[in-house]
Structure formats: C-alpha cells, structure tokens
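Architecture at a glance
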Amino acid sequence: MHGAGTGERLGPERPVPYGEAQVLQGRRPGGWQLGRDRHGEAELDMRWDELFEDMEAQLEQAHVRTVEQEAVETARAELSRLSLLERLAAHRERPVRLRPTRGDTLEGVLADVGAGWVVVRERHLQHLVPLHSVAWWEGLSRRFEVLPERSTIRRLGMGHVLRALSTARVHVRVLLQDPAGQGELEGTLDAVGQDFFDVAVHPEDEFRRRRAVTAVRTVGFSAVALVSSLDTGPDAL
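Below you will find a few notes about this structure. This one's a predicted model, so the numbers in the text were calculated from it and none came from an experiment.

**What to know about the overall build of the chain**
What the chain contains, in helices and strands, is 5 helices and 10 strands. Here the chain holds 237 residues, and 31% of them are scored as buried. Within the chain, residue pairs in contact and separated by at least 24 positions form 54% of the contacts whose partners lie at least 6 positions apart. As displayed, the chain offers around 16100 Å² of accessible surface, 52% of which is attributable to carbon and sulfur atoms.

Here's what the structure looks like:
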C-alpha cells in the first residue's frame, strides 16, 4: 500500500491486539462492561450502600466495645482504691451475716462501723467485732462510701466502743482468738488503753463488786475475736 502523494510504501496494516479490540467493542478484559444501563448502575449503587452500611456497623460495634472495655477498666481501677471499711460504711443499718474466727455465725443488722471494727445487732445482743477476726461476710451490697482520710469513721478506733461499754458498766462476754478454744472472759471492762483493756472477771448474775471479782485480766486488742453484751437500746454504744 502506498502513501498518498509521497510514493512511500507503507507496511502491512497492523492487527489490533485482543485487549484493544475488547476496549473498542466497549469491554475490558474479563468481561467488564464499560457502559451500563440504568438497571446496572442502580444495582452497583445498592452494593456500595450495603458495603458502607456494613462498615459503619462494624465501626459502631468496635466503638461500643472500646467504651465498654474502658468502663470496665475504670471500674476496676476505682475498686482497687477502695477498702472494706468503705464498703461496710455504705451498708450501715442493713442486714448482714458474718463468720468470726471464734464463736457462731452472726446474723443481724450492721449498726455501726469504725476504724477496724463493726457493731452488729442480733436480736437482744450487740456484738463488737474487730475486722481482723472476720473470716467472711455475706449480704454486702456493691455500694461504697468514700471516706476522706480525716473522716470521723476513720478516726474512731475500737477503743472508742470499749470505753463506752466501760462507762456504761455493762456485763460483757469476750471471746479471744485462742486456738485451743478456751479463751472466754465474762465480766466488766474496768479500764481501756490505746491497744488493751482490763476485764474484771465475775459471774453474770452479780454486779462488779470486790468480793465477786475472781480476777482482773488485761487483753490486747489484737487478741479479741468478739465482744458481746446485752443490747440496751440505740444509745448503748
């Protein structure tokens, strides 16, 4: 074939490659249609919408899981800073069961709490229980009362309750943390120090008189498992 007016001979006509032929015919390799009718466009748009909705749902679920995990971690961190005393303080005037290291399981109302002790009212008795002598608690709510370092509850030690019992001259029964199970004293609290008290031992049916007292024994706070007395009213302690 000759070029027009030049006399130059041109080569044979180049065959069109397969891929280009498809493009020229309106198709890409693999059968993708370059031009789509309106039905095809609507179907593709619907698939994109479904994809975006699925992605949004996954992102929302991931966000919810993150928030829930952060809430759990925050609650655990806050719980790690709270004490048993703060949990007991929020449970005052509510029923509770507890097991002292000596004696029977107590079931009554948590009447009062202080630094290292609780008072439980059980029917006609009231029990002063050091926290160190309780094996387990049952029935405590999951509420806490955050107590500042200088709160009254934190400043009232067990000696505060023992002095009230001594002033009232009530008869008490003291259970001691004696592995042999022989540690039990009955009588009147004569004196209360910083970490000890004196018990004038005498029978329950007698007043604290010299002739009735068989011994005066000094007991350290750390040796006490339970101090019980008759509940003479809300102002007894």
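**Some thoughts on the pattern of salt bridges**
Scanning the entire structure with this criterion turns up 7 salt bridges. Here Arg169 and Asp190 are joined by a salt bridge, their closest N and O atoms 3.4 Å apart. Of this pair, Arg169 sits in the loop between helix 5 (158-168) and strand 6 (171-176) while Asp190 sits in strand 7 (residues 184-192), and the two are 21 residues apart along the sequence. Salt-bridge contacts for Glu184 lead to Arg173; the nearest nitrogen and oxygen are separated by 3.5 Å. Note that Glu184 is positioned in strand 7 and Arg173 in strand 6, a separation of 11 residues in sequence.

**Details of unusual backbone geometry**
With phi around 55°, Arg123 is a residue other than glycine that occupies positive phi space. At Arg169, a position not held by glycine, the phi torsion is positive, near 55°.

**Section: the packing of aromatic side chains**
Evaluation of the coordinates by the stated rule reveals 1 aromatic pair. An angle of 35° between the planes, with centres 6.2 Å apart, marks the rings of Phe197 and Phe221 as tilted. Placement of the pair is Phe197 in strand 8 (residues 196-201) and Phe221 in the loop between strand 9 (215-220) and strand 10 (224-230), with a sequence separation of 24 residues. Across this residue pair, the class does not change: Phe197 and Phe221 are buried.

Criteria and thresholds
Residues numbered from 1 in each chain as written. Predicted model: local features only at pLDDT ≥ 70, side-chain atom pairs only at ≥ 80, totals over all residues. Heavy atoms only, no water. Helix = DSSP H or I, 4+ residues; strand = E, 2+ residues; numbered from the N terminus. Buried < 20%, exposed > 50% of the residue type's maximum accessible area, 1.4 Å probe, protein only. Contact = heavy atoms within 4.5 Å. Areas by Shrake-Rupley, 256 points an atom, 1.4 Å probe, with all protein chains shown as cover. Salt bridge = Lys/Arg side-chain N within 4 Å of Asp/Glu carboxyl O. Phe/Tyr/Trp six-rings, centres within 6.5 Å; stacked < 30°, edge-to-face > 60°.

By themselves, these observations are geometric and do not establish any function.
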